[in-house]
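Residue-level structure breakdown
Okay, here's what each chain looks like letter by letter:
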Amino acid sequence: SQQGEEDPQALSIQEGENATMNCSYKTSINNLQWYRQNSGRGLVHLILIRSNEREKHSGRLRVTLDTSKKSSSLLITASRAADTASYFCATEETSGSRLTFGEGTQLTVNP
Amino acid sequence: EAGVAQSPRYKIIEKRQSVAFWCNPISGHATLYWYQQILGQGPKLLIQFQNNGVVDDSQLPKDRFSAERLKGVDSTLKIQPAKLEDSAVYLCASREGAYNEQFFGPGTRLTVL
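Anyway, here's the lowdown on the structure attached to this text. Because the structure is predicted, anything quoted here is derived from the model rather than measured. (Residues numbered from 1 in each chain as written. Chains lettered and ligands numbered in written order. Predicted model: local features only at pLDDT ≥ 70, side-chain atom pairs only at ≥ 80, totals over all residues. Heavy atoms only, no water.)

1. Section: the sheet that holds strand β6 (residues 55-58) of chain A
Residue and element names in this part refer to chain A.
- Here we have five strands laid out as an open sheet, ordered β1-β3-β8-β7-β6, and antiparallel in their pairing. Only two strands of the sheet have a single neighbouring strand rather than two, namely β1 (5-7) and β6. Each neighbouring strand pair of the sheet contributes to a mean axis angle of 15°, computed without reference to strand direction. (Pairing = 2+ DSSP bridges. Helix = DSSP H or I, 4+ residues; strand = E, 2+ residues; numbered from the N terminus. Axes fitted to C-alpha atoms, helices over the stretch in contact; angles between N-to-C directions.)

As structure tokens, this is what we get:
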């Protein structure tokens, strides 16, 4: 069963705008990871945030984690057309090393 | 550093036929995963290997799916016989240690007619 639920399912913005995607989960986690998938390609790891961390940055990406609300957000600043892709959150539970993916957010950045 | 390799990239078969996918993980990565990704959904774990042992195969439909990782390196995933609902992308991933990122291969897109 899928643990993570992304919101929104689809997001369309103009180049230069910021994009925010949210993820909610249900169980206790060791870490939460965000991945990107371009159409017809494999997944690319973007960022990992551990359960004892609240915020993490990587380039134009900012991830927050609120374990009390069991939620995370991914912010992409100054978006580019090349950021068009599906974005997935995945949680790794404390009870094992299985990575459980959500259904993803389809981001479209219009030039 | 070479990434995770998978073959074939595409496969079209008739229902009730058999098919096999191959994965070569990143050198030195002890953990290997097979995922099934149906169009429009997130990947779902089928099986996880630690070296050549199975760690988690609770979501593998064992009546038709099988996987092995001989010698703890390459792995094959087999479907026998295939059903229409098996049409999906099959992704292989590997990682070095526990609780860090996974590296994914390009996937094999399977179409069952």
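Following the structure, the description resumes.
2. Describing the packing of aromatic side chains
- For the coordinates displayed, the defined rule picks out nine aromatic pairs over all chains.
- An aromatic cluster is present here, built from A:Tyr35, A:Phe88, A:Phe101, B:Tyr33, B:Tyr35 and B:Phe104 joined pairwise through their rings. (Phe/Tyr/Trp six-rings, centres within 6.5 Å; stacked < 30°, edge-to-face > 60°.)

3. What to know about the pattern of salt bridges
- One pass over the full model with this rule turns up seven salt bridges over all chains.
- The closest approach of N and O atoms between A:Glu92 and B:Arg95, which form a salt bridge, is 2.4 Å. Residue A:Glu92 is found in strand β9 (residues 85-93), and its partner B:Arg95 is found in strand β9 (residues 88-95); the two belong to separate chains.
- When its relative accessible area of 0% is taken as the criterion, A:Glu92 is described as buried.
- Measuring nitrogen to oxygen at the nearest pair gives 2.5 Å for the salt bridge that ties B:Asp86 to B:Arg64. With a gap of 22 residues between them, B:Asp86 in the loop between β8 (75-79) and β9 and B:Arg64 in the loop between β6 (53-56) and β7 (65-68) connect regions that are remote in the sequence. Taken individually, B:Asp86 and B:Arg64 each receive the classification buried, so the pair is uniform in this respect. (Salt bridge = Lys/Arg side-chain N within 4 Å of Asp/Glu carboxyl O. Buried < 20%, exposed > 50% of the residue type's maximum accessible area, 1.4 Å probe, protein only.)

4. Overview of the environment of A:Tyr87
Residues and elements named next belong to chain A.
- Mapped onto the fold, Tyr87 is located in strand β9.
- For the pair Tyr87 and Gln106, spaced 19 residues apart in sequence, the C-alpha to C-alpha distance is 6.4 Å.
- In this view, Tyr87 contacts Glu6, Met21, Tyr35, Arg36, Leu46, Leu74, Ile76, Gly104, Thr105 and Leu107; residues no more than four positions away in its chain are not counted.
- Among the polar contacts made by the side chain of Tyr87, one reaches the main-chain carbonyl oxygen of Asp83 at a distance of 2.6 Å. (Contact = heavy atoms within 4.5 Å. Polar contact = N/O pair within 3.5 Å; in protein donor to acceptor, adjacent residues only side chain to side chain.)

5. Some details on the sheet that holds strand β1 (residues 5-7) of chain B
Residues and elements named next belong to chain B.
- If you walk across this open sheet you meet the four strands as β1-β3-β8-β7, and the pairing is antiparallel. Each edge of the open sheet carries a strand with a single partner, namely β1 and β7. Averaged over all pairs of adjacent strands, the angle between strand axes in this sheet comes to 15°, irrespective of strand direction.
- For β7 and β8, the ladder comprises four bridges, and the chain directions are antiparallel.

6. Structural notes on the layout of surface pockets
- Here the largest pocket is characterised by a volume of approximately 510 Å³.
- Surrounding the largest pocket, 30 residues form its lining, A:Gln37, A:Gly40, B:Gln37, B:Leu39 and B:Arg109 being those nearest its centre.
- Listed by contribution, the elements that provide at least two residues to the lining of the largest pocket are β9 and β11 (105-110) of chain A together with β9 and β11 (108-112) of chain B.
- The leading source of residues in the lining of the largest pocket is β11(B), at four residues.
- Here the residues of the lining of the largest pocket are counted per class, giving nine nonpolar, 17 polar and four charged. (1 Å grid on protein atoms, 1.4 Å probe; cavity = no way out; pocket = protein on both sides within 12 Å on 5 of 7 lines; lining within 4 Å. Points joined across faces, edges and corners; volume = space filled by probe spheres on them. Nonpolar A, V, L, I, M, F, W, Y, C, P; charged D, E, K, R; others polar.)

7. As for the interface of chain B and chain A
- Taken together, the 23 residues of chain B in the interface contact 25 residues of chain A.
- Interface area for chain B against chain A, summed over the two sides, is near 1,700 Å², with a carbon-plus-sulfur share of 43%.
- The largest share of the area that chain B buries against chain A comes from B:Pro43, B:Tyr99 and B:Phe104, three residues that together contribute 32% of it.
- Taken together, the links from chain B to chain A amount to two salt bridges.
- In this assembly, chain B and chain A are joined by six residue pairs in polar contact (both at pLDDT 80 or more).
- Where the side of chain B that touches chain A is concerned, the elements lending two or more residues are β4 (31-37), β5 (44-50) and β9 of chain B.
- Broken down by element, the residue count for the side of chain B that touches chain A peaks at three residues, all from β4(B). (Buried area = accessible area lost by both parts, 1.4 Å probe.)

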